Amino acid sequence: MLTPFQFSQLAATAWCGPALTCHFAGVQRYVASSGYTTESYQVSYHAGATQEQVYQGSAPCPFEAILQAVAAFAQRCTVPLLGATVQGHAARIVSAAEQAFSGAPTPAPVLVPEVVCAVCSEGRDALGQCRCCYVPAPHLVASAA
């Protein structure tokens, strides 16, 4: 399904936890003389200065192997929010990769404002203001559209 290089790039992109010393991503293919073939994907993340912190995953699906390794980190993480953040990032990356490899059309991104006003729950404009700060003139809004 994926070449070893593609799998290694995907594994590196899916990680957003603590700084990695290194990561290993491997693909094993078995081809029998009868024509039976199977693949297995393994990934391990080595975090921190020592090699003692290793988070591994192995599965016949490359996406599942990555998610297993990230889940191993989240399970042993002492900061629950960090574990959830790392898993969420990996899930988004893996989901986007699955969609790209499936050939399905890419959904249009939903633009969510980064800063939202606590009063009117509206995003801020380029000047950092929302509708609480000013009322847009109807003739300017109509001409801008």
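For the structure itself, consult the block above.
Residues numbered from 1 in each chain as written. Predicted model: local features only at pLDDT ≥ 70, side-chain atom pairs only at ≥ 80, totals over all residues. Heavy atoms only, no water.

Draft legend 1. How the structure looks around the overall build of the protein. Each helix and strand counted, the protein has four helices and three strands in total. What you see in the protein, going N to C, is helices and strands ordered as α-β-β-β-α-α-α. Buried positions account for 24% of the 145 residues belonging to the protein. Considering only contacts in the protein between residues 6 or more positions apart, those separated by 24 or more positions represent 38%. (Helix = DSSP H or I, 4+ residues; strand = E, 2+ residues; numbered from the N terminus. Buried < 20%, exposed > 50% of the residue type's maximum accessible area, 1.4 Å probe, protein only. Contact = heavy atoms within 4.5 Å.)

Draft legend 2. Here's a closer look at the packing of helix H2 (residues 62-76) against helix H3 (residues 80-102). For the pair H2 and H3, the least separation of the axes is 9 Å and the interaxial angle reads 175 degrees. When the axes of H2 and H3 are compared, the pair comes out roughly antiparallel. Contacts between H2 and H3 involve Phe-63, Ile-66, Leu-67, Val-70, Ala-71, Phe-73 and Ala-74 on the former and, on the latter, Leu-82, Gly-83, Val-86, Gln-87, Ala-90, Ala-91, Val-94, Ala-97, Glu-98 and Phe-101. Among the residues forming the contact of H2 with H3, the class breakdown is 14 nonpolar, two polar and one charged. (Axes fitted to C-alpha atoms, helices over the stretch in contact; angles between N-to-C directions. Parallel < 35°, antiparallel > 145°, perpendicular 65-115°, else oblique. Nonpolar A, V, L, I, M, F, W, Y, C, P; charged D, E, K, R; others polar.)

Draft legend 3. Layout of H2. Taking 1.5 Å as the rise per residue, H2 with 15 residues should run 21 Å; its terminal C-alpha atoms sit 22 Å apart, in good agreement. What H2 keeps buried is the set Pro-62, Phe-63, Ala-65, Ile-66, Ala-69, Val-70, Ala-72, Phe-73 and Ala-74. Packing partners of the buried residues in H2 comprise helix H1 (4-14), strand S2 (37-47), strand S3 (53-59) and H3. (Expected span 1.5 Å × (residues − 1).)

Draft legend 4. Region of interest: a nonpolar patch on the surface. On the surface, Val-79, Leu-81 and Leu-82 cluster together into a nonpolar patch covering about 270 Å² of accessible area. By the secondary structure assignment, Leu-82 is in helix H3. (Patch = residues over 30% accessible without salt bridge, like charges linked within 9 Å, V, L, I, M, F, W, Y side chains within 5 Å. Areas by Shrake-Rupley, 256 points an atom, 1.4 Å probe, with all protein chains shown as cover. Salt bridge = Lys/Arg side-chain N within 4 Å of Asp/Glu carboxyl O.)

So yeah, pure geometry; function would need other evidence.
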